[in-house]
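# Structure assessment
One letter stands for each residue in the lines below.
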2 protein chains.
Amino acid sequence: MGARQTKSPEAVARKEALVREMLDRVGDKWTLLVIEELGSGGEMRFTRLRDRIGGVSQKMLTKTLRELERDGLVIRTVHPVVPPRVEYRLTKLGEALGEAVCGVWTWVENHLQDVEQARQVYDRKHVREMGGPAGEG
Amino acid sequence: MGARQTKSPEAVARKEALVREMLDRVGDKWTLLVIEELGSGGEMRFTRLRDRIGGVSQKMLTKTLRELERDGLVIRTVHPVVPPRVEYRLTKLGEALGEAVCGVWTWVENHLQDVEQARQVYDRKHVREMGGPAGEG
DNA sequence: CAGGATCCGGTCGGATACTG
DNA sequence: CAGTATCCGACCGGATCCTG
């Protein structure tokens, strides 16, 4: 079979799966904020990070950081002191992703009004289903 | 932009919330695929879309399309015929978002290996938790 | 201070049945 | 064909307790 440089459909599928997974990752509520904070604030500790992000539970922050670490986007440094001191910082990879996400971020900022307006228009058409604006009788 | 600081902190907060929401949206498993399909395949019907995406339930496809429609990213056209014929296509806004997301998509494709390798390295260190080898310094 | 373990409510999402 | 309504299991994520 002409197996040239043609990638197997499986490889393509796995790539797409990973693409989806990463987009899912950056779309995650906390992941984004963590990347943002570490990107602008540089290396920082767990508690500091939790404080700056605000609203994130210890569980979710830990989970988020673990995933980022696993994907090579964040470096976790444990200082063998007491009390424990753990610092997190973005890797080059993490910074690059942050910049890529920036494009979407920018798009949203630029088209905020369009989206909000579209929603208002849409909602107008669908209020009828609910308890309507009482303009009927 | 010569705009002074006319924006209230509340407006900024709401903007950030919407940014997060949109990133969450594009990170959604099906949303991405729908945008991709409509972007490359142009206007198409519900069933066709479901068939091309594959693996999506009717419930989720409907929900995804509704959200995209509400945000003004997709146009839904109902043809009053029998059997029903409903077609979906991207708006200009939707196409623009698709392009913005493309940046992240590209990043992932370019750094696929880095992420996969990082994961392998990370996993090596954590296999110990499972039935890992007992040998450890 | 960092984070593992657990409980538990809320939401997500698939399968199914029904409609126009 | 396109979509709504419902049931229900799986997972998400917060609160809490405990440890080194």
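Everything below is about the structure printed above this text.
Remember, predicted model here, so these are calculated numbers, not experimental data.

The next subject is the nonpolar core. Of all hydrophobic cores here, the largest spans 68 residues; its most connected members are Leu97(A), Trp107(A), Leu97(B) and Trp107(B). With sequence-adjacent residues up to four places away left out, Leu97(B) is seen in contact with Val104(A), Trp107(A), Met22(B), Val26(B), Ile35(B) and Leu73(B).

With that settled, the discussion passes to the interface of chain A and chain B. Every contact between the two is made by 41 residues of chain A and, on the other side, 41 residues of chain B. Together, the buried faces of chain A and chain B total about 4,100 Å²; carbon and sulfur atoms form 71% of this surface. Looking at the side of chain A facing chain B, the largest losses of area belong to Arg70(A), Trp107(A) and Arg119(A), adding up to 18% of the total buried there. The salt bridge involving Arg70(B) is made with Asp123(A); its shortest N-O contact spans 2.7 Å.

The next subject is the protein's contact with DNA strand D. DNA strand D sits among 18 residues. The nearest are Lys59(A), Met60(A), Phe46(B), Thr47(B) and Tyr88(B). Protein-proximal atoms of DNA strand D, defined as those within 4 Å of the protein, fall in sugar or phosphate at a share of 63%. One nitrogen or oxygen atom from the side chain of Arg76(B) is found 2.8 Å from a phosphate oxygen belonging to DNA strand D. Tyr88(B) has a polar side-chain atom sitting 2.7 Å from a phosphate oxygen of DNA strand D. Counting only elements with at least two residues in the surface near DNA strand D, the list comes to α4 (58–70) of chain A together with α3 (46–53), α4 (58–70) and β3 (85–90) of chain B. Examining the composition of the surface near DNA strand D, we find that four residues originate from one element, α4(B), more than from any other.

What follows is about the sheet that holds β3(B). Residue and element names in this part refer to chain B. Read across the sheet, three strands follow the order β1-β3-β2 without closing on themselves; strand pairing throughout is antiparallel. Of all the strands in the sheet, the pair left with one neighbour each is β1 (44–45) and β2 (74–79). Pairing between β1 and β3: two bridges, direction antiparallel. Opposite Arg45, over in β3, you have Glu87 as the bridge partner. Running at roughly 90 degrees to β3, helix α2 (residues 29–41) makes contact with β1, β2 and β3 of the sheet.

Scanning the entire structure with this criterion turns up 18 salt bridges over all chains. Its salt-bridge partner being Asp71(B), residue Arg119(A) comes within 2.5 Å of it at the nearest N-O pair. Highlighted residues: Arg119(A) in helix α5 (residues 92–126) and Asp71(B) in the loop between α4 and β2, drawn from two different chains. Asp71(B) matches Arg119(A) in its accessibility class, with the two residues each being buried. The closest approach of N and O atoms between Asp71(B) and Arg25(B), which form a salt bridge, is 2.3 Å.

On the basis of relative accessibility, which here comes to 11%, the residue Arg119(B) falls in the buried class. If we ignore the near neighbours within four places in the chain, the residues touching Arg119(B) are Leu18(A), Glu21(A), Met22(A), Arg25(A), Arg70(A) and Asp71(A).

Superposition of the two copies of the chain requires a rotation about an axis and a shift along the axis. Mapping chain A onto chain B is achieved by rotating through 180 degrees and translating by 0.0 Å along the same axis, at an RMSD of 0.2 Å. The superposition operator between the copies reduces to a two-fold rotation axis. Relative to the rotation axis, the C-alpha of Gly27(A) is the closest in chain A, positioned 2.4 Å from it. Same-surface contact between copies: 100% of interface residues of chain A are shared with the interface of chain B.

Along its 13 residues, α4(A) runs 18 Å from first to last C-alpha, staying within 8% of the 18 Å computed at 1.5 Å per residue. Of the surrounding secondary structure, the elements contacted by the buried residues of α4(A) are α2 (29–41), α3 (46–53), β2 (74–79) and β3 (85–90) of chain A together with α5 (92–126) of chain B. Following α4(A) by one or two positions, Gly72(A) adopts a phi angle in the positive range, close to 75 degrees.

Residue and element names in this part refer to chain A. Pairing in this open sheet of three strands is antiparallel, and the strands run β1-β3-β2 from one edge to the other. Two strands in the sheet have a free side with no partner beyond their single neighbour: β1 (44–45) and β2. As judged from the six bridges shared by β2 and β3, these two strands associate in the antiparallel manner. Note on β3: the bridge partner recorded for Arg76 is Tyr88. Packing against the sheet, α2 makes contact with β1, β2 and β3, and its axis sits at approximately 90 degrees to β3.

Right, let's talk about the protein's contact with DNA strand C for a bit. Near DNA strand C, the surroundings consist of 19 residues, among which Thr47(A), Arg76(A), Ser57(B), Lys59(B) and Met60(B) are the closest. Close to the protein, within 4 Å, the atoms of DNA strand C are drawn from sugar and phosphate at a rate of 56%. Within the side chain of Arg45(A), a nitrogen or oxygen atom sits 3.1 Å from a phosphate oxygen of DNA strand C. Between DNA strand C and Lys59(B), the relevant distance is 2.3 Å, taken from a base oxygen to a side-chain nitrogen or oxygen of the residue. Within the residue set of the surface near DNA strand C, elements represented by two or more residues are α3, α4 and β3 of chain A together with α4 of chain B.

The rules behind each value
- Residues numbered from 1 in each chain as written.
- Chains lettered and ligands numbered in written order.
- Predicted model: local features only at pLDDT ≥ 70, side-chain atom pairs only at ≥ 80, totals over all residues.
- Heavy atoms only, no water.
- Core = buried A, V, L, I, M, F, W, Y, C linked by side-chain atoms within 4.5 Å.
- Buried < 20%, exposed > 50% of the residue type's maximum accessible area, 1.4 Å probe, protein only.
- Contact = heavy atoms within 4.5 Å.
- Buried area = accessible area lost by both parts, 1.4 Å probe.
- Salt bridge = Lys/Arg side-chain N within 4 Å of Asp/Glu carboxyl O.
- Near = heavy atom within 4 Å.
- Polar contact = N/O pair within 3.5 Å; in protein donor to acceptor, adjacent residues only side chain to side chain.
- Helix = DSSP H or I, 4+ residues; strand = E, 2+ residues; numbered from the N terminus.
- Pairing = 2+ DSSP bridges.
- Axes fitted to C-alpha atoms, helices over the stretch in contact; angles between N-to-C directions.
- Least-squares fit on C-alpha atoms with pLDDT ≥ 70 in both.
- Expected span 1.5 Å × (residues − 1).

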